[in-house]
Amino acid sequence: MNQLASASQLRMSLLRWALFVIPVIMFLGFLSGTISGSAAENMWYQTLVKPDIQPPGWAFGVVWPILYFLMGLAFAMVLHARGAQNRALAIGLFLVQFLINLSWSPIFFGQHKVSTAFYIIVSMVLAAIATTIAFGQVRKAAAWLMVPYLVWISFAAILNFKIDQLNPDAESLYVPAATSQIAS
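Model, not experiment: these values are computed from the prediction. (Residues numbered from 1 in each chain as written. Predicted model: local features only at pLDDT ≥ 70, side-chain atom pairs only at ≥ 80, totals over all residues. Heavy atoms only, no water.)

**Student:** Where do I start with the side chain of Asn42 in this structure?
**Tutor:** Looking at the element boundaries, Asn42 is found in the loop between α1 (7–36) and α2 (43–47). Residue Asn42 is classed as buried on the basis of its relative accessible area, which comes to 12%. Within the structure, the side chain of Asn42 is placed 2.9 Å from the backbone nitrogen of Tyr45, a separation counted as a polar contact. (Helix = DSSP H or I, 4+ residues; strand = E, 2+ residues; numbered from the N terminus. Buried < 20%, exposed > 50% of the residue type's maximum accessible area, 1.4 Å probe, protein only. Polar contact = N/O pair within 3.5 Å; in protein donor to acceptor, adjacent residues only side chain to side chain.)

In structure tokens:
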């Protein structure tokens, strides 16, 4: 016997990584957005002037879970690739870009710092490109799974830039709290 693990055992190992990593990535992404108030009900965001290329609000709720799923699967594939050259670099780059990703929503939606969020998303794009290249050196399929994410965050960077241009006072924009009056 010249194999340490059968093909079936290797598939199960990848499955175990995926069953752990994908939900963690998806949960952390959801948590970042929820804590920062990135939902469509965000009154501050609703008052901003948005560019013509802005997708409808529901699109973000569909796209992000898919992207987090794909990112989680790609990361699981790299984690599973024990002994692969540049695996540690790929893991480190993924964690850096993911932490940058998680920081964007609280800065944009929570603190209303649109310009700062733009610089964060540009660094996210650069880190995600480096991660994708590193993933490609470990597992080509993992790199391909990152491509939709790269496309979306590049588009999101353009949206962020345009929102910043259209709303130079976004940081100081005052949105009164919703109130209700009871008639006597």
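From this point, things continue past the structure.
**Student:** Looking at this model, I keep getting lost on the packing of helix α5 (residues 114–138) against helix α6 (residues 140–166). Mind explaining?
**Tutor:** The relative placement of two packed helices is expressed as an angle between their axes plus a distance between the axes. Packing of α5 against α6 leaves a shortest axis separation of 9 Å and a crossing angle of 165°. Here α6 runs roughly antiparallel to α5, going by the angle between their axes. Handedness of the crossing formed by α5 with α6: left-handed. In terms of residue class, the contact of α5 with α6 is built from 20 nonpolar, six polar and two charged. (Axes fitted to C-alpha atoms, helices over the stretch in contact; angles between N-to-C directions. Parallel < 35°, antiparallel > 145°, perpendicular 65-115°, else oblique. Left-handed = near helix turned anticlockwise from the far one by under 90°. Nonpolar A, V, L, I, M, F, W, Y, C, P; charged D, E, K, R; others polar.)

**Student:** Is there a simple way to think about the layout of surface pockets in this case?
**Tutor:** Rolled over the atoms, a probe as big as a water molecule pinpoints where empty space is left. When its volume is computed, the largest pocket comes out at roughly 900 Å³. Along its surface, the largest pocket is lined by 34 residues, and Ser38, Phe60, Gly61, Trp64 and Phe109 are the ones closest to its centre. For the lining of the largest pocket, the secondary structure elements donating two or more residues are α1, α3 (57–80), α4 (87–110), α5 and α6. Residue classes in the lining of the largest pocket are distributed as 21 nonpolar, 12 polar and one charged. (1 Å grid on protein atoms, 1.4 Å probe; cavity = no way out; pocket = protein on both sides within 12 Å on 5 of 7 lines; lining within 4 Å. Points joined across faces, edges and corners; volume = space filled by probe spheres on them.)

**Student:** Where do I start with the environment of Ala40 in this structure?
**Tutor:** Relative to the assigned elements, Ala40 resides in the loop between α1 and α2. Since its relative accessible area comes to 51%, Ala40 is described here as exposed. Taking the C-alpha atoms as reference points, Ala40 and Trp58, 18 residues apart in sequence, are found 8.1 Å from one another.

**Student:** Honestly, the side chain of Gln54 in this entry has me stumped. Any pointers?
**Tutor:** Examined against the element boundaries, Gln54 turns out to sit in the loop between α2 and α3. Look past the residues within four positions of Gln54 in its chain and what remains in contact with it is Tyr45, Phe60, Leu159 and Ile163. (Contact = heavy atoms within 4.5 Å.)

**Student:** I tried to follow the packing of aromatic side chains on my own but got confused; where do I start?
**Tutor:** For any pair of aromatic rings, the description rests on two quantities: the centre-to-centre distance and the angle between the ring planes. Counted by the stated rule, this structure contains 16 aromatic pairs. Their ring planes at 15° and their centres at 5.9 Å tell us that Phe94 and Phe135 sit as a pair that is stacked. On the criterion of sequence distance, the pair formed by Phe94 in helix α4 and Phe135 in helix α5 is long-range, its members being 41 residues apart. When sorted by exposure, Phe94 lands in the same class as Phe135, which is buried. The residue whose ring lies beneath Lys50 is Tyr45, and the NZ or CZ to ring-centre distance is 4.5 Å. (Phe/Tyr/Trp six-rings, centres within 6.5 Å; stacked < 30°, edge-to-face > 60°. Lys NZ or Arg CZ within 6 Å of the ring centre and 35° of its normal.)

**Student:** Mind showing me how you'd approach a nonpolar patch on the surface here?
**Tutor:** A cluster of nonpolar side chains, contributed by Phe20, Val24, Phe27, Leu28, Phe30, Leu31 and Ile35, occupies part of the molecular surface with about 680 Å² of accessible area. Tracing the backbone shows Leu28 in helix α1. In this structure Leu28 comes out as partly exposed when scored by relative accessible area, which is 32%. (Patch = residues over 30% accessible without salt bridge, like charges linked within 9 Å, V, L, I, M, F, W, Y side chains within 5 Å. Areas by Shrake-Rupley, 256 points an atom, 1.4 Å probe, with all protein chains shown as cover. Salt bridge = Lys/Arg side-chain N within 4 Å of Asp/Glu carboxyl O.)

**Student:** It is not clear to me how the nonpolar core should be interpreted in this structure. Could you clarify?
**Tutor:** General note: in soluble globular proteins, nonpolar side chains tend to be found buried as a group. Core analysis: the biggest nonpolar cluster contains 53 residues, and Trp104, Phe108, Phe135 and Tyr149 have the highest contact counts within it. At the level of secondary structure, the elements contributing two or more residues to this core comprise α1, α2, α3, α4, α5 and α6. Per-element accounting of this core gives the leading share, 12 residues, to α5. Dropping the residues within four chain positions of it, Tyr149 is found in contact with Trp64, Leu67, Met71, Gln97, Asn101, Met124 and Ala128. (Core = buried A, V, L, I, M, F, W, Y, C linked by side-chain atoms within 4.5 Å.)

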